[in-house]
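# Analysis of the macromolecular model
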Protein chains: 6
Amino acid sequence: MPLVDIQLIEGVFTPEQKREMIEKVTDTMVAIEGEAMRGVTWVRVQELGSGEWGIGGKALSTADVKALQGMPAPQKG
Amino acid sequence: MPLVDIQLIEGVFTPEQKREMIEKVTDTMVAIEGEAMRGVTWVRVQELGSGEWGIGGKALSTADVKALQGMPAPQKG
Amino acid sequence: MPLVDIQLIEGVFTPEQKREMIEKVTDTMVAIEGEAMRGVTWVRVQELGSGEWGIGGKALSTADVKALQGMPAPQKG
Amino acid sequence: MPLVDIQLIEGVFTPEQKREMIEKVTDTMVAIEGEAMRGVTWVRVQELGSGEWGIGGKALSTADVKALQGMPAPQKG
Amino acid sequence: MPLVDIQLIEGVFTPEQKREMIEKVTDTMVAIEGEAMRGVTWVRVQELGSGEWGIGGKALSTADVKALQGMPAPQKG
Amino acid sequence: MPLVDIQLIEGVFTPEQKREMIEKVTDTMVAIEGEAMRGVTWVRVQELGSGEWGIGGKALSTADVKALQGMPAPQKG
């Protein structure tokens, strides 16, 4: 039953990272819901085009996200 | 009103089969909801990339689905 | 693989009609994709609140849809 | 918080028009919800393939929508 | 054709504000796409439960959003 | 940027388990994408009604999923 949809901007993650998201998010879900649910746990990845994801009205490009990833992690408070 | 979204893995179905899904699923919905609803019945098809649909943590490729389609139908119990 | 999402306005269809949509739309999909795909064909129904579905800027209530259903079917051309 | 998803048929709108949709729909939302919500207002654009959006069972191509846009606006009643 | 889905947390906006979102977002879209598209422009509102929308791993309640709305608007730079 | 939507059947998981899904799935995503992305990682939970999720044409109730959870885990091959 659970359906998990992961939406990203294209060109930010490698195919290997996307496969890792599918595997690890499935494992995370199964750890909570029980191993018996694994076969009906669907985790999918979809990508939106660069410039088609706006935050506060500003369209984010692939390059914007790459730049954001490179920033030092903010202090957690 | 009804909105029906059909999501598939790319490369599994032909354009003709996708058009058939739109026509036949619309007819199926209209048979239940009433012919007067036809004009506001939207049926759409979207495709995800090969390898971006995980079942039980294993990413399904177009080839995997093609292989599955070729299997003899399981006995219905 | 196929995932089919049917979205409706609440209060328009009975539980029996919604179950019928799940069964019949599944059968329609399986007729196109092959019987071997039945076990991985998911069809779901979701309902939006009355007044939360706008067409051309006018919010549709459950009563509006009921009235529409009662109209004679338009001539198909 | 608000998430706004705008779905279109590919090839109908220019990148400039899609950026305009993100900006103007964000402004419209913020005018209702309050300026403090701007930073957590996400507006996204996604496109479906030509022929993959059915209305009343008839698949709409990019050309169909272009033709529709060119029609004189219907009288509002 | 365009389909616009607005997702909110329940209990933050009044029915009047949600109707206003449907009307104003439709007008914003029609101003870009052309008046001829009004009749096939669908704008819908859906609400998620309080505590079911996580940002950075922290679940947002209706009260959290209300508090955020009350904050003075950040300086736009 | 990443948006993760988790869809469940209502009544299967406790509020505590749903909060755990939001926290743990966020952590899993951040471990792959980088800590700098935490603030723009949204993870949401949505629930469908009992009987509104069909697998192979059979509508799944909350009780069906509870029974499935209680089954011993299948052997992984």
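Residues numbered from 1 in each chain as written. Chains lettered and ligands numbered in written order. Predicted model: local features only at pLDDT ≥ 70, side-chain atom pairs only at ≥ 80, totals over all residues. Heavy atoms only, no water.

### Examining the interface of chain E and chain C
The partner chain C presents 10 residues to the 13 residues of chain E that form the contact. Here chain E and chain C share an interface that buries about 1,000 Å² over both sides, 51% of which is from carbon and sulfur atoms. Three residues stand out in chain E for area buried against chain C, namely Ile22(E), Trp42(E) and Arg44(E), and they jointly supply 48% of the buried area on that side. Note that Glu52(C) and Lys18(E) form a salt bridge whose closest N and O atoms lie 2.9 Å from each other. Counting every contact that joins chain E to chain C gives 5 residue pairs in polar contact (both at pLDDT 80 or more). Counting residues per element, the side of chain E that touches chain C draws most heavily on strand S2 (residues 42-48) of chain E, at 6 residues. (Contact = heavy atoms within 4.5 Å. Buried area = accessible area lost by both parts, 1.4 Å probe. Salt bridge = Lys/Arg side-chain N within 4 Å of Asp/Glu carboxyl O. Polar contact = N/O pair within 3.5 Å; in protein donor to acceptor, adjacent residues only side chain to side chain. Helix = DSSP H or I, 4+ residues; strand = E, 2+ residues; numbered from the N terminus.)

### Thoughts on the sheet that holds strand S1 (residues 3-9) of chain F
The mixed open sheet is built from 8 strands, whose spatial order is S4(B)-S3(B)-S2(A)-S1(A)-S1(F)-S2(F)-S3(E)-S4(E). In the strand order of this sheet, the two ends are held by strand S4 (58-60) of chain B together with strand S4 (58-60) of chain E, each with one partner. Between one strand and the next, the sheet's axes are offset by a mean angle of 25 degrees, whatever the strand orientation. As judged from the 7 bridges shared by S1(F) and strand S2 (residues 42-48) of chain F, these two strands associate in the parallel manner. If you follow Asp5(F) over to S2(F), its bridge partner there is Arg44(F). (Pairing = 2+ DSSP bridges. Axes fitted to C-alpha atoms, helices over the stretch in contact; angles between N-to-C directions.)

### Quick word on the side chain of Thr41(D)
Considering the arrangement of structural elements, one finds Thr41(D) in the loop between helix H1 (15-33) and strand S2 (42-48). A distance of 2.8 Å separates a polar atom in the side chain of Thr41(D) from the backbone oxygen of Met37(D). Excluding its chain neighbours within four sequence positions, the residues that come into contact with Thr41(D) are Gly54(A), Ile55(A), Gly56(A), Pro2(D), Thr26(D), Met29(D), Val30(D) and Glu33(D).

### Details of the interface of chain F and chain A
Of the residues lining the interface, 35 residues belong to chain F; the matching set on chain A comes to 34 residues. Where chain F abuts chain A, roughly 3,000 Å² becomes buried across the two surfaces, and 76% of that area is made up of carbon and sulfur atoms. Considering only the surface of chain F that becomes buried against chain A, Met1(F), Ile32(F) and Ala36(F) emerge as the three largest contributors, covering 24% of it. There are 0 salt bridges connecting chain F and chain A. Every element with two or more residues in the side of chain F that touches chain A is listed here: S1, helix H1 (15-33), strand S3 (53-55) and helix H2 (62-70) of chain F. In terms of residue count, the dominant contributor to the side of chain F that touches chain A is H1(F) (9 residues). Of the residues contributing to the side of chain F that touches chain A, the split by class is 24 nonpolar, 4 polar and 7 charged. With 5 bridges connecting them, strand S1 (residues 3-9) of chain A and S1(F) associate as antiparallel partners. (Nonpolar A, V, L, I, M, F, W, Y, C, P; charged D, E, K, R; others polar.)

### Examining the packing of helix H1 (residues 15-33) of chain B against helix H1 (residues 15-33) of chain C
At a closest axis distance of 10 Å, the pairing of H1(B) and H1(C) adopts a crossing angle of 155 degrees. In terms of orientation, H1(B) lies roughly antiparallel with respect to H1(C). Relative to H1(C), the crossing made by H1(B) is right-handed. Contacts from Gln17(B), Glu20(B), Met21(B), Lys24(B), Val25(B), Thr28(B), Met29(B) and Ile32(B) of H1(B) reach H1(C) at Gln17(C), Glu20(C), Met21(C), Lys24(C), Val25(C), Thr28(C), Met29(C) and Ile32(C). Class assignment of the residues belonging to the contact of H1(B) with H1(C) gives a composition of 8 nonpolar, 4 polar and 4 charged. (Parallel < 35°, antiparallel > 145°, perpendicular 65-115°, else oblique. Left-handed = near helix turned anticlockwise from the far one by under 90°.)

### Structural notes on the sheet that holds S2(D)
Paired through their backbone hydrogen bonds, the strands of a sheet run either parallel or antiparallel. Strand order in the open sheet formed by 8 strands is S4(A)-S3(A)-S2(D)-S1(D)-S1(E)-S2(E)-S3(C)-S4(C), with mixed pairing between adjacent strands. Only two strands of the sheet have a single partner each, and these edge strands are strand S4 (58-60) of chain A together with strand S4 (58-60) of chain C. With direction set aside, neighbouring strand axes in the sheet form an average angle of 25 degrees. In this structure, strand S3 (residues 53-55) of chain C lies alongside S4(C), joined through 3 bridges in antiparallel fashion. Directly across from Trp53(C), in S4(C), lies its bridge partner Leu60(C).

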